[in-house]
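Architecture and fold: a report
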Amino acid sequence: MSTDFSLLNKSLAIDSFVLLTLGIKGNPLFYMKYPTSFIREVENIKRLFEKEKDAIIDFDDRAIRKLQYDCKNKETFENLLDCIAAYNYCVDTEYINNILETSKAMESDGTAMFNYKLPINGDDLVGLGIMPGKQIRVLLNTLIDKAFIDPTITKEECLNIALLYKNNVFYM
């Protein structure tokens, strides 16, 4: 669940994010006695920024879907974009608006990745004869990467990819 970053809280969260990103020790929100959930949300947004900043700079549909997936919900996604704009004052607001518009279009056409779940899971892969362990994680990560390109990927398509992957990678 995302924290409400409205009005003054949003301003404080963004300021705190900027300070954290610049390497200031300690979270100013902690010293101002903000709720732990609010502080964790700011720290989560900072972590997402550090992880995704290269993709955000040169965005495409795949990068936006990956960012949506990593943010898990629309509120965190929009809060992250607000923080990025505040952090990097050189970023043109048009740029952030383009990302938001692309994300809204993805929501409209059903290709947004907020709270996305692959149509298959590890049990399905074990059912194909893939041994539990690292292979399952590697294959699920491969499938999620495919979903960033085509989020309408079906269970059948995932299973076909898994069979090809199993036959060509794991058991050669």
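None of the values given here were measured: they were computed from a predicted structure.

1. A closer look at the overall build of the chain
Helix and strand content of the chain: nine helices and zero strands. A separation threshold of at least 6 residues defines the contact pool for the chain, and within that pool the share at least 24 residues apart is 67%. For the chain, the exposed surface amounts to about 10100 Å²; the carbon and sulfur share of it is 54%.

2. Regarding helix H8 (residues 134-149)
If you check H8, its first and last C-alpha atoms are 23 Å apart, about what 16 residues at 1.5 Å a residue would give, namely 22 Å. Those residues of H8 not exposed but buried are Ile-136, Leu-139, Leu-143, Ile-144, Ala-147 and Phe-148.

3. Side note on the layout of surface pockets
Space inside the largest pocket adds up to approximately 250 Å³. The set of elements that each furnish at least two residues to the lining of the largest pocket consists of helix H4 (61-71) and H8.

4. Notes on the packing of H4 against H8
Put simply, H4 and H8 touch, their axes get as near as 8 Å, and they point 120° apart. Judged by the angle between their axes, H4 and H8 are oblique. The handedness of the crossing between H4 and H8 is right-handed. Contact residues: H4 offers Arg-62, Arg-65, Lys-66 and Tyr-69, while H8 offers Ile-144, Asp-145, Ala-147, Phe-148 and Ile-149. Of the residues in the contact of H4 with H8, the class split is five nonpolar, no polar and four charged.

5. Focus: the nonpolar core
Formed by 17 residues in total, the largest nonpolar core has its most connected members in Cys-71, Phe-77, Leu-80, Leu-81 and Ile-84. Put simply, the parts of the chain that give this core at least two residues each are helix H3 (36-57), H4, helix H5 (74-87) and helix H6 (93-108). Sort the elements by how many residues they give to this core and H5 lands first, with five residues. Look past the residues within four positions of Leu-81 in its chain and what remains in contact with it is Ile-96, Ile-99 and Leu-100.

6. Section: the pattern of salt bridges
With the rule as written, the count across this model stands at four salt bridges. Here Asp-70 makes a salt bridge to Lys-66, at a shortest N to O gap of 3.1 Å. Of this pair, Asp-70 and Lys-66 both sit in helix H4, four residues apart, which is roughly one turn of that helix. The class of Asp-70 is buried, set by a relative accessible area of 13%. A salt bridge links Glu-107 to Lys-74; the shortest N-O distance between them is 3.5 Å. Of this pair, Glu-107 sits in helix H6 while Lys-74 is found in helix H5, placing the two residues 33 residues apart along the sequence. A relative accessible area of 30% means that Lys-74 is categorised as partly exposed.

Definitions and cut-offs
Just so you know, the residues in each chain are numbered from 1, in the order the chain's sequence is written. In keeping with the model being predicted, local features are shown solely for residues with a pLDDT of at least 70 and side-chain atom pairs are shown and tallied solely at 80 or more, while totals for entire chains, interfaces and linings include all residues. As a convention, hydrogens and water are excluded, and side-chain values are obtained from all of the structure's heavy atoms. Secondary structure counts use DSSP, requiring at least four H or I residues in a row for a helix and at least two E residues in a row for a strand, with both numbered from the N terminus. Working rule for contacts: check all heavy atoms of both residues, and any pair within 4.5 Å makes them a contact. Note on areas: Shrake-Rupley, 1.4 Å probe, and residue coverage restricted to the protein chains presented here. Residue count minus one, scaled by 1.5 Å, sets the expected span of a helix. Under the scheme applied here, a residue whose accessible area is under 20% of the maximum for its type counts as buried, over 50% as exposed, and between as partly exposed, the area being computed with a 1.4 Å probe on protein chains only. Buriedness for pockets is judged along seven lines, at least five of which must meet protein on both sides within 12 Å for an open set on the 1 Å grid over protein atoms alone, while cavities are sets there where a 1.4 Å probe fits but cannot get out, and lining residues have an atom within 4 Å of a point. Grid points are joined across faces, edges and corners, and a volume is the space filled by probe spheres set on the points. Between N-to-C directions, angles cover 0 to 180 degrees, with each direction set by a line fitted to C-alpha atoms, over the stretch in contact for helices. When describing relative orientation, an angle under 35 degrees is termed roughly parallel and one over 145 degrees roughly antiparallel, while 65 to 115 degrees is termed roughly perpendicular and anything else oblique. By definition, any crossing whose near helix is turned counterclockwise from its far helix by less than a right angle is left-handed, and any crossing with a clockwise turn is right-handed. Note on residue classes: Ala, Val, Leu, Ile, Met, Phe, Trp, Tyr, Cys and Pro are nonpolar, Asp, Glu, Lys and Arg are charged, and everything else, Gly too, is polar. Among buried residues, the Ala, Val, Leu, Ile, Met, Phe, Trp, Tyr and Cys ones that are joined through side-chain atoms within 4.5 Å form a nonpolar core. A pairing counts as a salt bridge when a side-chain nitrogen of Lys or Arg comes within 4 Å of a carboxyl oxygen of Asp or Glu.

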